Amino acid sequence: MENLVTTRLYLVPFTLEVVKAAIIGNAELASFLGVTVLPDWYEEEYIHNLPAIAEILCKYSFQSEWGWGSLIIHKAENKLIGYVMVKVIPDSTFSPTGSLEIGYYVAPSYRQQGYASEATKAVIDWALSQPNVQSVTAGCDPDNIASKRVLEKIGMQLIESREKVLVWKLCKTAMVR
């Protein structure tokens, strides 16, 4: 990933070095990034998975090139407000398939202001501009109306409805420029 800039946001790659700072804690992350870090910029489960994420970034060069997506920094406030996760989907031999999976999270006090859509769309647009990426998928809880709206707003199509998850996809050929 590279640094991305939108109208209201800076999207900073969540590289191994940044993950390591986040593992130490929010004060270390704030110092490393030079931003204010909201205490609820992440979901509880996510922060517990950071050591495993660091291990994946060390072990798989194809994921390391992407980092674990981007951290969402509010430009005007210089504040970390969330993240957009990007996972490279490997095949059975652990080679990249040309598909990515995304996820996103925005701190509760910054929700319903379009930040998730703005950040996720920028990350997906950049990802699909890369030559080896053909598609991006996302999953969301069927009852999560806000998440469904984000995915619809950024142009993803609902492709499958399972019992506990809706699966969305956007292919390079479906992008409108």
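Note on numbering: residues in each chain are counted from 1, in written sequence order. Where totals are concerned, whole chains, interfaces and linings use all residues; where local detail is concerned, this predicted model gives features only for residues with pLDDT of at least 70, and gives and counts side-chain atom pairs only at 80 or more. The side-chain figures draw on all heavy atoms in the structure; neither hydrogens nor water molecules are used.

Asker: Summarise the packing of aromatic side chains; cite the residues concerned and give the values.
Answerer: Two aromatic rings from Phe, Tyr or Trp, using only the six-membered ring of Trp, form a pair when their centres are within 6.5 Å; if the ring planes differ by under 30 degrees the pair is stacked, by over 60 it is edge-to-face, and anything between is tilted. Within this structure, the stated rule accounts for 10 aromatic pairs. Between the aromatic rings of Trp41 and Tyr42, the centroid separation amounts to 5.2 Å while the plane-to-plane angle is 80°, which identifies the pairing as edge-to-face. Tyr42 carries the same exposure label as Trp41, and that label is buried. By definition here, charges over rings are those cases where NZ of Lys or CZ of Arg is within 6 Å of the ring centre and within 35 degrees of the ring normal. When the ring centre of Tyr10 is taken as origin, the NZ or CZ atom of Lys75, which lies over that ring, is 5.6 Å away. Relative accessible area decides the class of each residue, using a 1.4 Å probe on protein chains only: under 20% of the type maximum gives buried, over 50% gives exposed, and in between gives partly exposed.

Asker: Outline the pairing of strand S9 (residues 166-171), supporting the account with residue identities and numerical values.
Answerer: As paired strands, strand S7 (residues 135-140) and S9 are joined by 6 bridges and run antiparallel to one another. Across the sheet, Cys140 pairs through a bridge with Leu166, a residue of S9. Counting the residues that bridge the hairpin from strand S8 (residues 157-161) to S9 gives 4 residues. In this analysis, strands are considered paired if DSSP registers two or more bridges between them. Strands are runs of DSSP state E lasting at least two residues, helices are runs of H or I lasting at least four, and both sets are numbered from the N terminus onward.

Asker: Now, about the pattern of salt bridges: what can you tell me, with residues and values included?
Answerer: Any Lys or Arg side-chain nitrogen located within 4 Å of an Asp or Glu carboxyl oxygen qualifies as a salt bridge. The full count for this structure, using the stated rule, is 5 salt bridges. The partner of Lys87 in a salt bridge is Glu101, and the shortest N-O contact between them spans 3.6 Å. Taken together, the positions of Lys87 in strand S5 (residues 79-90) and Glu101 in strand S6 (residues 96-106) put the pair 14 residues apart, joining distant regions of the chain. Residue Lys87 is classed as partly exposed on the basis of its relative accessible area of 27%. Here Lys121 makes a salt bridge to Asp125, at a shortest N to O gap of 2.8 Å. Placement of the pair is Lys121 and Asp125 together in helix H6 (residues 115-128), with a separation of 4 residues, close to one helical turn.

Don't take any of this as a statement about function, it's just geometry.
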